[in-house]
Amino acid sequence: MPFHTNRIFVRNLHLFTKNPSFRLPFPYIHACTDAVPGSCSSFSLFNPLMGRNLISSIFFLSKNTVFPPSYIDSVKGLKFTRNYCSEKKAVGGSGGWTEDIEYLDESGSVIYSGKGIRSIEPGLDDHVMVGGIKKPFLNVSAVAKIVEVVKRWKWGPELETQLERLQFVPNMIHVNQALKVINDTEASLSLFKWAKKQSWYVPNEDIYVLLFDGLNRSRDFDGIQSLFDEMVQDSSKIGISSFNAYNRVIQYMAKAERLEVSFFCFKKAQDSGCEINTETYNTLITLFLNKGLPYKAFEIYESMEAAQCSLDGSTYELMIPSLAKSGRLDAAFKLFQEMKGRDFRPNFSIFSSLVDSMGKAGRLDTSMRIYMEMQGFGLRPSAAMYVSLVESYTKAGKLDTALRLWDEMRKAGFRPNFALYTMVIESHAKSGKLDVAMTTFQDMEKAGFLPTPSTYSCLLEMHAGSGQVDSAMKLYNSMTNAGLRPGLSTYTALLTLLAKKKLVDVAAKVLLEMKSMGFSVDVSASDILMVYIKDGSVDMALRWLRFMGSSGIRTNNFIIRQLFESCMKSGLYESAKPLLETYVNSAAKVDLILYTSILAHLVRCQEEQNERHLMSILSTTRHKAHAFICGLFTGPEQRKQPVLTFVREFFQGIDYDLEEGAARYFVNVVLNYLVLMGQMNRARCIWKVAYENKLFPKAIVFDQHIAWSLDVRNLSVGAALIAVVHTLHRFRKRMLYYGVIPRRIKLVTGPTLKIVVAQMLSSVESPFEVSKVVLRAPGDIVMEWFRKPIVQQFLLNEIPSRADILMHKLNMLFPSSAPEIRSLSPPKPLMSAKAM
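As the structure is a prediction and not an experimental result, all values here were calculated from the model.

Moving on, we come to the packing of aromatic side chains. One pair of aromatic rings is described through two measures. These are the centre distance and the angle between the planes. Going through the model one piece at a time under the given rule, you end up with 26 aromatic pairs. An angle of 75° between the planes, with centres 5.1 Å apart, marks the rings of Trp406 and Tyr421 as edge-to-face. Taken as a pair, Trp406 in helix H17 (residues 399-411) and Tyr421 in helix H18 (residues 418-430) lie far apart in primary sequence, 15 residues in all. Between the aromatic rings of Phe441 and Tyr456, the centroid separation amounts to 5.4 Å while the plane-to-plane angle is 75°, which identifies the pairing as edge-to-face. Taken together, the residues Phe441 in helix H19 (residues 434-446) and Tyr456 in helix H20 (residues 453-465) connect sequence positions 15 residues apart. The same class applies to Phe441 and to Tyr456, which are both buried. Grouping aromatic residues by their ring pairs yields a cluster made of Phe628, Phe646, Phe650, Phe651 and Phe666. In this structure, Arg485 packs its charged tip against the face of Phe519, placed 4.3 Å from the ring centre.

What follows is the structure in structure tokens.
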């Protein structure tokens, strides 16, 4: 019976055998093309596991096919069961094929007769039967199937279930190839975790490398760290080689700036004996250098050397600049030499870092040698390198070389920056090379840079220091016209210059401008006043003080006192009195030294009019010593006590801890004054009380019977004369009343007072012989001299005549000041801005 085929339906597919009681080897075939083998008992018509197309071997019947009655009856009783190649006995039938299958064409003719294609049992069979021949699964087909399953299910228990139902036994090659195809990181990890649970799993470094690459692409660095821990455990258990995987992980973590993790992996790799490659070392070194940890990078580098890992060009390019910038110049230069020895060409970065670092470290010769060597390599210096060299040589004070490099830089077409201009100008100015500094300064202005106040100040101060008033004022005007505010040090230097040049009007103008800028000008004005005082220009000082008063600028009491003393020395007593009144009214205390100095001027005064001014000045001091002096010249009725008692009360009121030197100065001047005034008894009282209060403790020395001496070298003329008379009177009483006669008596006068004392004693036929600085005589001869009535009268009463000679000596030799005992410090110089 002929067969008519209108259209083909897959669900109408039938197979025919010679024995009508056959069991179909295939289940009922569905037309669902998305069916997955193993999930149901049907196969796709284009199943890749079969190795051939079933359509070419199976006859498809049409929907209207008519079968013989005998065939239909035989089919009704069939039981459809599945048999597997594993030859396990299936339920309801035998496990193997006993009959051949005939494949018919459309006319019913037999095309082929033989054993059919049979399915397999998942997880047990590694082949498929094509007739009587075992056909192994192709790796490509197995990998494709694994990839298909993983891409569909990706993760979870369902994925593992589907992988368990694979109709073949996978191996590590299949997993490795599948991981290369699967781009989904999560799916790859799921497949890897499933494979680790299988009995056929064997740790493989290539799989780890693939997984690390995938995790790195997805930036899952936590996953890399977790997988790394698993790999370390596998390596410790089984001992697989993980050279590439270790290096990959370290590189990925370092490039991701996971500093701690990358260093941990590095140490782990070292502990496990893994060989670290150059790229990994370079990556770690780069990471630590970028993180500002050069010493950690050097530790990695030392590990690299210890491992005898060969350095490549990139390692040199990383390490040399880093070593140089961190100050390890010897190590950097050593690597530089080694790099050239291995025929690596240093790049510009290496040269630049070495030139800069060597220069800043003061190793200028090495810096210049590397600079010249760089040019020998054909490399052109950059602007930054020129700046570094100029700065280094400038700071080292080698201005000639710095200026040569400066010119070379400009010839090369580079424009110096603002900071370099400033450094060159200020360094040359401070070195006294004002011509070069001003030329560079003008170039800076032409280049469009506005100099800073610091640059202006430096130039101005150096011109002021060298006394160039015109240049200093020109710079000052240029600075103010540019809208820049001069600093305190600038004003101070300029005002000092103007003060020294005695340009009072210009100094006053600048000071008022300084005040308008908001500066406190009291100190600066006082400093200028002090300049005039120290210079002895009292008229200028008084003029400047009047300007200060009219401008509401105050000064301090120290300067007022200095100006007062200058006026006294210059004889300007009328100008001195208002200064002293200002000093006293400002609650300043006139001390004993100041009063004594005024009294000394009175002693030396020759004109009656000046004496009146000085007496008025003495009363203006309001010092207790003035009341004491006035009391000395009054009678006992007004004092209401004897002179000696009056003198003792005054000296008891002196604080010798603070005013001992001032008291000695006062005694010397007062004794001079009293001698000139003819007040001998009062003078002897003052000397006696002064000696009692140990103001002159070493003046009189009794060396038992050997020698008695009087030392008047530190006394004024009047004090020396009074001391000689009073002391000889004491010696006379000892020798006459107590009978103690020393071998000799000495009067130590010194060269200044020797003549005065000798002339005084010669009037009464003195036995003392005059030597260089001493008047001496034997004790017994002096004893005879003391017995003369004229000597007794001389010692008890007063100094005899010849007052004209003595007064002349007093005027010539009287000390007008005693600087060694003054409590005031010398005038201070103008204060700088920093001191302020």
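What follows covers unusual backbone geometry. It is generally the case that most residues other than glycine have a negative phi and that most peptide bonds are trans. Located in the positive-phi region is Lys502, a residue other than glycine, with phi close to 60°. Following the sequence through the fold, Lys502 ends up in the loop between helix H22 (488-500) and helix H23 (504-516). Look at Arg622: it is not a glycine, yet its phi comes out positive at around 60°. Mapped onto the elements of the fold, Arg622 is located in the loop between helix H29 (608-620) and helix H30 (624-632).

We now examine the sheet that holds strand S7 (residues 700-703). What the 5 strands build is an open sheet, ordered S7-S8-S9-S11-S10; its pairing is mixed. Whereas interior strands pair on both sides, the edge strands pair on one side only; in this sheet they are S7 and strand S10 (769-770). Strand direction decides the pairing type here: strand S9 (residues 744-748) and strand S11 (residues 774-778), joined by 5 bridges, are antiparallel. Opposite Val748, over in S11, you have Val774 as the bridge partner. Against the sheet, helix H36 (residues 750-762) contacts S9, S10 and S11, and its axis sits at roughly 45° relative to S11.

As a further point, take the pairing of strand S8 (residues 707-711). Counting buried positions over the 5 residues of S8 gives 4, a clear majority of the element. For S7 and S8, the ladder comprises 4 bridges, and the chain directions are antiparallel. In the sheet register, Val701 faces S8, and the bridge partner there is Ser709. Sheet analysis places S8 next to S9, joined by 5 bridges and oriented parallel. Across the sheet, residue Ser709 finds its bridge partner in S9, namely Lys746. Following the chain from S8 across helix H35 (residues 717-738) to the adjacent parallel S9, one finds a crossover that is right-handed.

The next subject is the environment of Phe558. Examined against the element boundaries, Phe558 turns out to sit in helix H26 (residues 557-569). For the pair formed by Phe558 and Tyr583, sequence separation is 25 residues and the distance between their alpha carbons is 8.9 Å.

This part is about the pattern of salt bridges. The tally for this structure, following the rule as stated, stands at 14 salt bridges. Note that Asp535 and Lys502 form a salt bridge whose closest N and O atoms lie 2.6 Å from each other. Of the two residues, Asp535 is situated in the loop between helix H24 (522-534) and helix H25 (538-550) and Lys502 in the loop between H22 and H23; the sequence distance between them amounts to 33 residues. Using a relative accessible area of 32% as the deciding quantity, one classes Lys502 as partly exposed. Ionic pairing is found between Asp711 and Arg713, a salt bridge with its closest N-O pair at 2.8 Å.

Moving on, we get to the nonpolar core. Core analysis: the biggest nonpolar cluster contains 234 residues, and Trp544 and Leu761 have the highest contact counts within it. Considering each element in turn, this core owes the most residues, 12 residues, to helix H33 (residues 656-676). Apart from residues no more than four positions distant in its own chain, Trp544 is found in contact with Val504, Ala507, Ala508, Leu511, Ala525, Ile528, Leu529 and Tyr532.

As a packed pair, helix H32 (residues 643-652) and helix H34 (residues 680-692) sit with axes 9 Å apart at the nearest point and diverge in direction by 40°. Considered as vectors, H32 and H34 are oriented oblique to each other. Two packed elements cross with a definite hand, and for H32 against H34 that hand is right-handed. Facing H32, whose interface residues are Val643, Leu644, Val647, Arg648 and Phe651, H34 presents Arg682, Cys685, Ile686, Lys688, Val689 and Glu692. When its residues are assigned to classes, the contact of H32 with H34 shows 7 nonpolar, no polar and 4 charged.

This next bit is on the packing of helix H13 (residues 329-341) against helix H14 (residues 348-360). At a minimum axis distance of 11 Å, the contact between H13 and H14 shows a crossing angle of 150°. Considering their axes alone, H13 and H14 lie roughly antiparallel with respect to each other. Helix-helix and strand crossings are classified by hand; for H13 and H14 the assignment is left-handed. Between H13, through Leu329, Ala332, Phe333, Phe336 and Met339, and H14, the contact on the second element is made entirely by Ile350, Phe351, Leu354, Ser357 and Met358.

Looking at the protein chain, the pLDDT average stands at 74 and 74% of residues meet or exceed 70. In this model, residues 798-836 is a region of pLDDT below 50 whose contacts with residues beyond four sequence positions or in other chains number 80 contacts.

Within the secondary structure, Thr422 sits in helix H18. On the accessibility criterion, Thr422 (12% relative accessible area) is buried. In contact with Thr422, other than residues within four places in its own chain, are Met444 and Thr455.

Look at the UniProt record and you will see "repeat: PPR" (unreviewed entry) annotated at residues 277-311, 312-346, 347-381, 382-416, 417-451, 452-486 and 487-521. Taken end to end, residues 382-416 comprises 74% helix and 0% strand; its first and last C-alpha atoms sit 12 Å apart.

Next up on the list: H30. Because each turn of an α-helix spans 3.6 residues, side chains separated by three or four positions end up pointing in the same direction. Every buried residue of H30 is accounted for by Ala625, His626, Phe628, Ile629, Gly631 and Leu632. On its buried face, H30 is in contact with helix H28 (592-604), H29, helix H31 (636-639), H32, H33 and H34.

Cut-off values and rules
- Residues numbered from 1 in each chain as written.
- Predicted model: local features only at pLDDT ≥ 70, side-chain atom pairs only at ≥ 80, totals over all residues.
- Heavy atoms only, no water.
- Phe/Tyr/Trp six-rings, centres within 6.5 Å; stacked < 30°, edge-to-face > 60°.
- Helix = DSSP H or I, 4+ residues; strand = E, 2+ residues; numbered from the N terminus.
- Buried < 20%, exposed > 50% of the residue type's maximum accessible area, 1.4 Å probe, protein only.
- Lys NZ or Arg CZ within 6 Å of the ring centre and 35° of its normal.
- Pairing = 2+ DSSP bridges.
- Contact = heavy atoms within 4.5 Å.
- Axes fitted to C-alpha atoms, helices over the stretch in contact; angles between N-to-C directions.
- Right-handed = clockwise from strand over helix to strand, strands pointing away.
- Salt bridge = Lys/Arg side-chain N within 4 Å of Asp/Glu carboxyl O.
- Core = buried A, V, L, I, M, F, W, Y, C linked by side-chain atoms within 4.5 Å.
- Parallel < 35°, antiparallel > 145°, perpendicular 65-115°, else oblique.
- Left-handed = near helix turned anticlockwise from the far one by under 90°.
- Nonpolar A, V, L, I, M, F, W, Y, C, P; charged D, E, K, R; others polar.
- pLDDT = per-residue confidence, 0-100.
- UniProt positions renumbered as here; feature names shortened; annotations may be inferred.

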